[in-house]
Amino acid sequence: MSLYFYTKKECPLCDKGLVQLEILQQEKNFNIIIRDIYTDDEWLEKYQIRIPVVETKEGAVLDEGVLSFELLSSNYEKYISK
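What counts and what doesn't
Residues numbered from 1 in each chain as written. Predicted model: local features only at pLDDT ≥ 70, side-chain atom pairs only at ≥ 80, totals over all residues. Heavy atoms only, no water. Core = buried A, V, L, I, M, F, W, Y, C linked by side-chain atoms within 4.5 Å. Buried < 20%, exposed > 50% of the residue type's maximum accessible area, 1.4 Å probe, protein only. Contact = heavy atoms within 4.5 Å. Phe/Tyr/Trp six-rings, centres within 6.5 Å; stacked < 30°, edge-to-face > 60°. Lys NZ or Arg CZ within 6 Å of the ring centre and 35° of its normal. Axes fitted to C-alpha atoms, helices over the stretch in contact; angles between N-to-C directions. Helix = DSSP H or I, 4+ residues; strand = E, 2+ residues; numbered from the N terminus. Parallel < 35°, antiparallel > 145°, perpendicular 65-115°, else oblique. Left-handed = near helix turned anticlockwise from the far one by under 90°. Nonpolar A, V, L, I, M, F, W, Y, C, P; charged D, E, K, R; others polar. Disulfide = S-S within 2.5 Å.

Digging into the nonpolar core
And step 1. Of all hydrophobic cores here, the largest spans 21 residues; its most connected members are Tyr6 and Val54.
And step 2. Setting aside its immediate chain neighbours within four residues, Val54 contacts Leu3, Tyr4, Phe5, Leu21, Ala60, Val61, Leu62, Asp63, Leu67 and Leu72.

Shown next as structure tokens:
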């Protein structure tokens, strides 16, 4: 099981969000696939003002912007632990 983490370099908000996602990862045991939005034009257009964004492979967004552990965990249960 993997989650996509859309980010960019030198993004303090992204750095803080990644910490929240890594805390959830310790509890739920999934892979984090980090995607720099500046490496793909489609990602840049879709996520540029929304990052960081945590998304499932199916496209469900678990959280974006200021990531919170509570919302990440709740949406993980909603979309993944069915």
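Structure's up, so let's keep going.
Some points on the packing of aromatic side chains
And step 1. Tallying each qualifying case throughout the model produces four aromatic pairs.
And step 2. Through successive ring pairs, a cluster of aromatic residues spans Tyr4, Tyr6, Trp43 and Tyr47.
And step 3. Between Arg35 and the ring centre of Tyr4, over which it is positioned, the NZ or CZ distance is 3.5 Å.

A look at the packing of helix H1 (residues 12-28) against helix H3 (residues 69-79)
And step 1. Running from amino to carboxyl end, H1 crosses H3 at an angle of 45 degrees, the nearest separation of the two axes being 9 Å. As far as their axial angle goes, H3 and H1 are oblique. The hand of the H1/H3 crossing is right-handed. From H1, Gln20, Leu21, Ile23, Leu24, Glu27 and Lys28 reach across to H3, where they touch Phe69, Leu72, Ser73, Tyr76 and Glu77.
And step 2. The class makeup of the residues in the contact of H1 with H3 is six nonpolar, two polar and three charged.

A word on the state of the cysteines
And step 1. Scanning all chains against the criterion turns up one disulfide.
And step 2. A disulfide bridge connects Cys11 with Cys14, and the sulfur atoms are separated by 2.4 Å. Disulfide Cys11-Cys14: torsion about the S-S bond near 70 degrees, hence right-handed. There is no split in this pair, since Cys11 and Cys14 are both buried.

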